[in-house]
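# Structural description and commentary
Residue strings, one per chain:
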Amino acid sequence: MADPNSEHDAPTDGEEDLSRSDFSVRRRKMTTRKSVLFADRAASSIITVGGIGTILSVLGVAVFLAYVVMPLFLPSQVDEFSKLPALEREKLRGVGLDEYRVLGWELGAEGDLTIFRLDNGEVLERNQLFEGAELTASSFQIRGDQAAFGFADGSVRLANVSFVTEILDAEDLPAETLAAFEDEDAVVNYREGVLEKTPSAQYRLQELQIELGAAVRLAEGQIRDLSHTMTPGGPVIAAIVQGRRFSEVQLIEADAAEGADEAAEAAAATADDGEVEGEPAAVEKAPEPEPAVLTAGEQAALDAQVGLVVLSIAEDQNFLTGETVVEVEGPIELELPSGARDVPQTLAISGAGVELYTVWRDGFVTRYDIRNLSSASTVETGFLIDPEGSAEINFFEPIIGATSFIWGDTEGRIAGGFPVRLADSEEPLPELIQAERREGVLDAFVRTKILADADSPATSLAASERTRLAAAGFEDGSVRFFNVTNSTQIGVGQVPGGAPIRQLRIAPKEDGVLAVTPDGPYVADFDPRYPEAGFAAFFAPVWYEGYAEERHIWQSSSASDDFEMKLGLMPLIFGTLKATFYSMLFGAPLALLAALFTSEYLSGRPKAIIKPSIELMASLPSVVLGFLAALVIAPYIEDVVPATLTAFVTVPACFLLGAYLWQLLPAKTTILYKEWRIALIGLLVPIGVVIAALLGPLVERLLFLGDIKAWLAWGPDSGLDERFADPTGGWMLLMIPVSALLVALAVGRFVNPRMRDRGTEWDRRQYATADLIKFLSCLVVMVIVAYALSALLAALGLDPRGGYVDTYVQRNALIVGFAMGFAIIPIIYTISEDALSTVPSHLRSASLGAGATRWQTATRIIIPTAMSGLFSALMIGLGRAVGETMIVLMAAGNTPVMEMNIFEGFRTLSANIAVELPEAVKGSTHYRTLFLAALVLFILTFVVNTVAEVIRQRFRKRAYQL
């Protein structure tokens, strides 16, 4: 290194010392201005904060959704049972409690009624409900206040047992009563009930009200068992009677206000038509026939006879005259099964009053059809449990709706079932053991639920008044709670001391339970939380009432109060994927091919017009697309379905035909009009549409016998003409793409190489003519191959109906595919075109320079290099389709079915949320399940995007290696 002080470094006489301070050139300071540094740091901070904020926002949405959804999966809570003192009895006819859980009642075996407080067990009132009558049977409704009582004299009386709520102000109460409310939570005895202070500074009085109605006498013997149900036409009553049965019902009127069972002096026997008119208190007793003289043996045999009778009662009051018309149909005596069986263990009538069940202790059950009493008969017999086993039935009870029934036995098993149409099931059903059915019966009683298999005998059952919740009591004092729909146990409680549970009652609001043992009643707080929810309820098939098999169903509401909520999310997930599949099937190929053509084949001027025009499509609101699809496109296509399907062949064929015809033009002409080539070829597209419209009716006649909708709807049980059974036309529809692919592969493998070899001797026009002939020949061969494949599949007995093609519905996946495909095309096109255009030009130039064609360059060089961008475009388009709401809401029909049929609708997660969330009760199971649907949609898109990003990074890495 030179010494700076050496002579060689010093300036000579003729040189200028550039380091001197008088050098006229100004030096540039190599420092960045503070404003630039500040702006750079600010921008960096804003971007960082924005990025972190975006991540936190997305995570916040996920956390919020999870927070709302989490309670659905929390277990139910059963508090400890507490005993109510001074109430002990061995046998009860029934128990009840009010919705505010302040009052309870017990009905003893002898008809003595006890009203007591539920907080401390204090008895408020005891009275004999039926003076001078021996109560032998009783029946209570799950929902409603109606009850029926049977007596030893063969009579049956209807009654109304209900809690009455009255709101009182402070001025309505005496001072000493108000003084008792120093404690805000105090419960005060008042009149014949209890009084509570409400949050609004009023006072709520709860009292038990019993109204006894008219009675009917069925026999001279006693009523051994009783069941009844309330129908729109009036009560239907079934009874097991022991002793002589009357051929005509005796209508007995009593003083309901006094609550006694004393018959009025006036009574009337029904006429032949079972009709009694007049004021109830003024009916005169009809003369009875003289009884026949019987020997002692005959009398004993008659008294020992057991029979099953059914009758219905209807009351109608003339609003002008005030006259009451009582119509009694029956009683009809039904035949009990022959054999040495005892009196049936229990009776049960379905909620609609159409079926009657009699169950014996050994599990034998008889099902009767009683919808028309004049022709009532046995339809099915069998066993609920194994007749060879040692178990015995302890109860057979309906749940809300009284279509499904639950039974428990002495070995601790609890099961449930309901009638199922035999024709609806393709698999063997778990029917009654040793079942026998009357010829022509179309349904069977099927065991569909296994609720428990405990170590202790099941002794009692209580069904909720609101939902499909049930509680079962056991001999060891345990109480188990079940959701019957999902067959899941949601909670367990234990009575102290382990006394057997004899009676159970769930509070009307499902917030408590009353259990009665021989030691007395016990009460406990109960929080079922969300019994209808659970992983199995949302994502597994469930055997719903009335269905022949386990199914995925979404049906969150109904007009009936006893509706069984169906919260299966799989139909919504399936609908989301179906909408995405068909929209991507329609939109993605068009968008990618358009991007490829724009990038590789268009010059600057047309590209500057076409690309913004396609991108402008994204500005069209999805609600407009949905509106047009639902109200314009769907009705139009419904009228021209065959022409629409034909257009899928004729339009591409005409466009390709235009390309082959272009090759026939002179070279000078093609060069002169090069920029108009696509526009001129595109003129054949409308011609393809016209050809499809003309060929549509012909195709419908040839392939679908003149009615494609009838062909699609045909089935063995459809009742349509058998000529629609031929599946060839449907296979032809599906085999066209398959045959086109086969022909294209064959031509590429065998025909094109030979044409290239022979084409060296041809001029341009000859080669173009041969190419056109080849194309037309391929179209003919394609149709022939498609028909051959269709005929072969039809000969094998295969039918395409029931899969991708089936019954036609106006708003379907085909319509959604058009509309949503139109919505995702701009997004996929723009990103794909940008990715293709950013491929380095030297790669394109090298390929073209090596002799490759534009198509070879595009498929082998450009597309692999831009694959990461193309994949990103597809994933963004997929996300757009998954989250679309308005198009599927308006054009998909909103039917939550799991069918891949392109001619049928569906319901997506997003559309379901939009439709049902505004009407869902906040905090309810339905409300939280909709948030679960949102969470599932979030997870679905998150997983898809994550996988897409991983794949994109892999493609990007490979592209950099090119």
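This next bit is on the nonpolar core. Leu569, Val888, Phe903 and Leu932 are the most contacted members of the largest nonpolar core, which has 80 residues in total. Counting residues per element, this core draws most heavily on helix 15 (residues 813-837), which supplies 14 residues. Residues contacting Val888, with those up to four places away along its chain left out, are Ala579, Val816, Met820, Gly893, Asn894, Phe906, Thr908, Ser910 and Ala911. The next biggest cluster of nonpolar side chains, apart from the first, holds 19 residues, and it includes Val102, Leu103, Ala147 and Leu208.

A complete count under the given rule lists 29 aromatic pairs for this structure. Between Phe581 and Tyr582, the aromatic rings sit 5.1 Å apart at their centres with planes inclined by 70 degrees, giving edge-to-face as the arrangement. Through pairs of rings, three or more aromatic residues link up here, namely Trp105, Phe130, Phe140, Phe149 and Phe151. If you follow Arg204 out to its NZ or CZ, it ends over the ring of Tyr100, 3.8 Å from the centre.

This part covers the environment of Arg421. Position of Arg421 relative to the elements: it lies in strand 26 (residues 413-421). Arg421 gets classed as partly exposed once you look at its relative accessible area, which sits at 42%. The sequence separation of Arg421 and Val441 amounts to 20 residues, and the corresponding C-alpha distance is 9.2 Å. When neighbours within four sequence positions are excluded, Arg421 is seen to be in contact with Leu442, Asp443 and Ala548.

A cluster of nonpolar side chains, Leu620, Val623, Val624, Phe627, Leu628, Leu631, Val632, Ile633 and Phe822, forms an exposed patch at the surface whose accessible area comes to about 670 Å². For the nonpolar patch, the element with the highest residue contribution is helix 7 (residues 622-639), accounting for 7 residues. Mapping Leu620 onto the fold places it in the loop between helix 6 (604-616) and helix 7.

Looking now at the environment of Pro428. Inspection of the secondary structure puts Pro428 in the loop between strand 26 and strand 27 (433-437). The class of Pro428 is exposed, set by a relative accessible area of 76%. Each C-alpha atom of the pair Pro428 and Ala548 lies 9.9 Å from the other, and the pair is 120 residues apart in sequence.

The subject of this paragraph is a negative patch on the surface. A surface patch of like charges, here negative, comprises Glu426, Glu427, Glu549 and Glu550. For Glu426, the position within the fold is in the loop between strand 26 and strand 27. Assessed through its relative accessible area of 76%, Glu426 is described here as exposed.

Once that is clear, we can look at helix 13 (residues 728-758). Here helix 13 is 31 residues long, yet its end C-alpha atoms lie only 40 Å apart, well below the 45 Å a rise of 1.5 Å per residue gives. If you look at helix 13, its biggest bend is around 45 degrees, right at Met735, and the proline Pro737 turns up within four residues after that. Against helix 8 (641-664), helix 11 (684-704), helix 12 (708-713) and helix 14 (764-795) lie the buried residues of helix 13.

So, on to the packing of helix 5 (residues 570-600) against helix 18 (residues 867-883). Contact geometry of helix 5 with helix 18 gives a least axis separation of 9 Å together with a crossing angle of 140 degrees. Looking at the two axes, helix 5 sits oblique to helix 18. You can see that helix 5 and helix 18 cross each other, and the crossing is right-handed. Listed contacts from helix 18 to Thr576, Thr580, Ser583, Met584, Ala588 and Leu592 of helix 5 are Leu870, Leu874, Gly877, Leu878, Ala881 and Val882. Residues of the contact of helix 5 with helix 18, tallied by class, amount to 8 nonpolar, 4 polar and no charged.

Here we have 4 strands laid out as an open sheet, ordered 3-4-5-6, and antiparallel in their pairing. Looking at which strands have only one partner, the edges of the open sheet turn out to be strand 3 (92-97) and strand 6 (123-128). Sheet twist, expressed as the mean angle between neighbouring strand axes with direction ignored, is 10 degrees. Judged from the 5 bridges that link them, strand 3 and strand 4 (residues 103-108) form a sheet pairing that is antiparallel. Note on strand 4: the bridge partner recorded for Leu97 is Gly104.

Rules used throughout
Every chain is numbered on its own, with residues counted from 1 as its sequence reads. Under the rules for a predicted model, residues below a pLDDT of 70 receive no local features and side-chain atom pairs below 80 are neither given nor counted, while totals for whole chains, interfaces and linings still include all residues. Side-chain calculation: all heavy atoms of the structure are included, whereas hydrogens and water are not. Note on terminology: a nonpolar core comprises buried Ala, Val, Leu, Ile, Met, Phe, Trp, Tyr and Cys residues joined through side-chain atoms within 4.5 Å. Residue burial is assigned from relative accessible area. The probe radius is 1.4 Å, only protein chains are included, and a residue is buried under 20% of its type maximum, exposed over 50%, and partly exposed in between. For helices the rule is a DSSP run of H or I covering at least 4 residues; for strands it is a run of E covering at least 2, with both sets numbered from the N terminus onward. Here a residue-residue contact requires only that any non-hydrogen atoms of the pair lie within 4.5 Å. Each aromatic pair joins two rings of Phe, Tyr and Trp (for Trp, the six-membered one) with centres within 6.5 Å, and gets the label stacked for planes under 30 degrees apart, edge-to-face for over 60, and tilted for any other angle. A ring has a charge above it when a Lys NZ or an Arg CZ is no more than 6 Å from the ring centre and no more than 35 degrees off the ring normal. Patch members must show over 30% relative accessible area and no salt bridge, and they are joined within 9 Å when carrying like charges or within 5 Å when they are nonpolar side chains of Val, Leu, Ile, Met, Phe, Trp or Tyr. In this description, accessible areas are obtained by the Shrake-Rupley approach with a 1.4 Å probe, and a residue is regarded as covered only by the protein chains that are shown. Definition used for salt bridges: Asp or Glu carboxyl oxygen within 4 Å of a side-chain nitrogen of Lys or Arg. When charges are tallied, Lys and Arg are placed among the positive residues and Asp and Glu among the negative ones, while His and the ends of the chain are skipped. To locate a charge, take NZ of a lysine, CZ of an arginine, CG of an aspartate or CD of a glutamate. Here a helix's expected span is defined as the number of its residues, less one, multiplied by 1.5 Å. Fitting axes to the seven residues ending at a residue and to the seven starting there, one defines the bend at that residue as the angle between these axes. Here, axes are lines fitted to C-alpha atoms. For helices the fit covers the stretch in contact, and angles between N-to-C directions go from 0 to 180 degrees. Should an angle fall under 35 degrees it is called roughly parallel, over 145 degrees roughly antiparallel, and 65 to 115 degrees roughly perpendicular, with every other angle called oblique. Each crossing gets its handedness from the near helix: less than a right angle anticlockwise from the far helix is left-handed, clockwise is right-handed. Amino acids are sorted into nonpolar (Ala, Val, Leu, Ile, Met, Phe, Trp, Tyr, Cys and Pro), charged (Asp, Glu, Lys and Arg) and polar (every other residue, Gly among them). A strand pair is defined by DSSP finding two or more bridges across the two strands.

Coordinates in, geometry out; function isn't part of it.
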